[in-house]
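This is what each chain is made of:
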Amino acid sequence: TSTPPPLAAPPKAPPPTSTVEASKRLAAWTAVDRHILPEHKVIGIGSGSTVPYVVERIVAQGKKVNKDRVFIPTGFQSKELIVNAQLLLGDVDQYPVIDVTIDGADEVDHDLNCIKGGGGCHLREKVLAEAADTFVLVADYRKNSSVLGTMFKQGIPIEVVPFAYTKILQNLHLLGSPNAVLRMAKAKAGPVVSDNGNFIIDAPFPEEMMKDPYTLLTRIKMLTGVVEVGLFCHMAKAAYFGNQDGSVTIK
Ligand code: ABF
């Protein structure tokens, strides 16, 4: 029998090099300190550039508490984060009930509705958000908004079955998003393909429609071939935003 290769050393995140990075870390650390308690054993780890600071803070809670925990990833990136931090990797099939999921967001409004999916992972992110007793958002100050779409202007990310994308684009145009487009990979090498083998459409809607995100979510979700919409309504219990002056805004 061969010996398995040694696990990589836990990551040491480089010190934040900008105010934005420092804000992300501040939000992440504050959320972990408040929501990831010793009694929490099943933890969902989201995606994006703020989440590494979440994992960094969880690792800092120590091996003693973490050895009895399992961590469920929302995609390839968070799976790598969990494995590299030498935390125990689990699956939502094994753990359909999660104590706390912490994830990033593209924009969050005053009612804790948010846009997610700038990274194309929002289907799995929504599954882990829904499975969690407590779902918490972490972000820097640029994501703190009153009306969704005023800061994150590329539109609502919508994961769609490849076979149906042209028809869905047409229907989104009719629904009020004439500039909805298929998300393309860098250098226009082809469409972006999600972890689930689907395409992503980015659909900007007028402010009036974005003021009622739940209605818009249900209308988009009704379109045949839509797998999941990057609008998360009534899901988050709290949102943490790191600010440039070193303070944290909690919604
Ligand atoms: C994920 O990462 C996504 O839903 C969202 O698109 C993105 C935001 O991440 P960050 O701003 O932390 O990079 O959470």
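All values derive from a computational prediction rather than experimental measurement.

On to the overall build of the chain. Helices and strands together make up the secondary structure of the chain, namely eight helices and 13 strands. For the chain, the C-alpha radius of gyration of 18 Å lies close to 18 Å, the compact-globule estimate for 251 residues. Dimensions along the principal axes, computed over C-alpha positions, put the chain at roughly 55 × 50 × 35 Å. For the chain, buried positions account for 50% of its 251 residues. Expressed as a percentage of contacts within the chain between residues at least 6 apart in sequence, the contacts between residues at least 24 apart total 74%. For the chain, the exposed area adds up to about 12,200 Å²; of that, 57% sits on carbon and sulfur atoms.

Right, let's talk about the environment of Asn66 for a bit. Take Asn66: it is sitting in helix H3 (residues 63-66). We classify Asn66 as buried; its relative accessible area is 7%. When the C-alpha atoms of Asn66 and Pro38 are compared, they prove to be 8.6 Å apart, with 28 residues separating the residues in sequence. The contact partners of Asn66, leaving out residues within four places of it in the chain, are Ile58, Val59, Gln61, Phe71 and Leu87.

This part covers the pairing of strand E6 (residues 132-140). Along a regular strand, successive side chains alternate from one face of the sheet to the other. When you tally the buried positions in E6, you get eight out of nine residues, the bulk of the element. Here strand E3 (residues 98-103) runs beside E6; their pairing, made up of five bridges, is parallel. Of the residues in E6, the one forming a bridge with Ile102 is Val136. Where E6 lies against strand E12 (residues 238-242), five bridges are found, and the strand directions are parallel. By the bridge assignment for E12, Val136 is matched with Ala238.

With that settled, consider the site of the ligand. Around the ligand lies a shell of 14 residues, among which Ser49, Thr50, Asp106, Glu125 and Lys143 are the nearest. For the ligand, an oxygen atom lies 3.0 Å from a polar atom in the side chain of Asp103. Note that an oxygen atom of the ligand is positioned 3.0 Å from one of the backbone N or O atoms of Gly117. Its residues placed into classes, the shell around the ligand shows one nonpolar, eight polar and five charged.

Taken together, the four strands give an open sheet; going across it, the order is E8-E9-E7-E10, and neighbouring strands pair in antiparallel fashion. Whereas interior strands pair on both sides, the edge strands pair on one side only; in this sheet they are strand E8 (181-182) and strand E10 (226-229). Of the pairings in the sheet, the one linking strand E7 (residues 156-160) to E10 comprises three bridges and is antiparallel in character. Along E10, the bridge assignment pairs Ile158 with Val229. On top of the sheet, helix H6 (residues 165-175) reaches E7, E8, strand E9 (199-203) and E10; it is set at about 10° to E9, its chief contact.

Bringing the environment of Gly155 into the picture now. Within the fold, Gly155 resides in the loop between E6 and E7. Here the alpha-carbon distance between Gly155 and Val181, two residues 26 residues apart in the chain, equals 9.2 Å.

Definitions and cut-offs
Every chain begins its residue count from 1, and numbering advances along the sequence as written. It should be noted that, the model being predicted, local features are given only for residues of pLDDT at least 70 and side-chain atom pairs only at 80 or more, the latter also being counted only at that level, while totals for whole chains, interfaces and linings use all residues. The side-chain numbers reported here are obtained from all heavy atoms of the structure, hydrogens and water having been left aside. Under the DSSP-based scheme used, a helix requires at least four consecutive residues in state H or I and a strand at least two consecutive residues in state E, with every element numbered from the N terminus. The quantity called the radius of gyration is restricted to C-alpha atoms. Its globule counterpart is 2.2 Å times the number of residues to the power 0.38. To sort residues, take the accessible area from a 1.4 Å probe on protein chains only and compare it with the maximum for the residue type: under 20% means buried, over 50% means exposed, and anything in between is partly exposed. By definition in these notes, contact holds between two residues if any of their heavy atoms fall within 4.5 Å. The accessible surface values rely on the Shrake-Rupley method and a 1.4 Å probe; as for residues, cover is taken only from the protein chains in view. Here, a strand pair is defined by DSSP locating no fewer than two bridges between the strands. Near residues are defined by distance, with any heavy atom within 4 Å of the molecule or strand qualifying the residue. What qualifies as a polar contact is a pair of N or O atoms within 3.5 Å, subject to a donor-acceptor requirement within protein and to the restriction that residues adjacent in sequence count only when both atoms come from side chains. Three residue categories are used. Nonpolar comprises Ala, Val, Leu, Ile, Met, Phe, Trp, Tyr, Cys and Pro, charged comprises Asp, Glu, Lys and Arg, and polar comprises the others, including Gly. The axes are straight lines fitted to the C-alpha atoms, using for helices just the contacting stretch, and the angles between their N-to-C directions are given from 0 to 180°.

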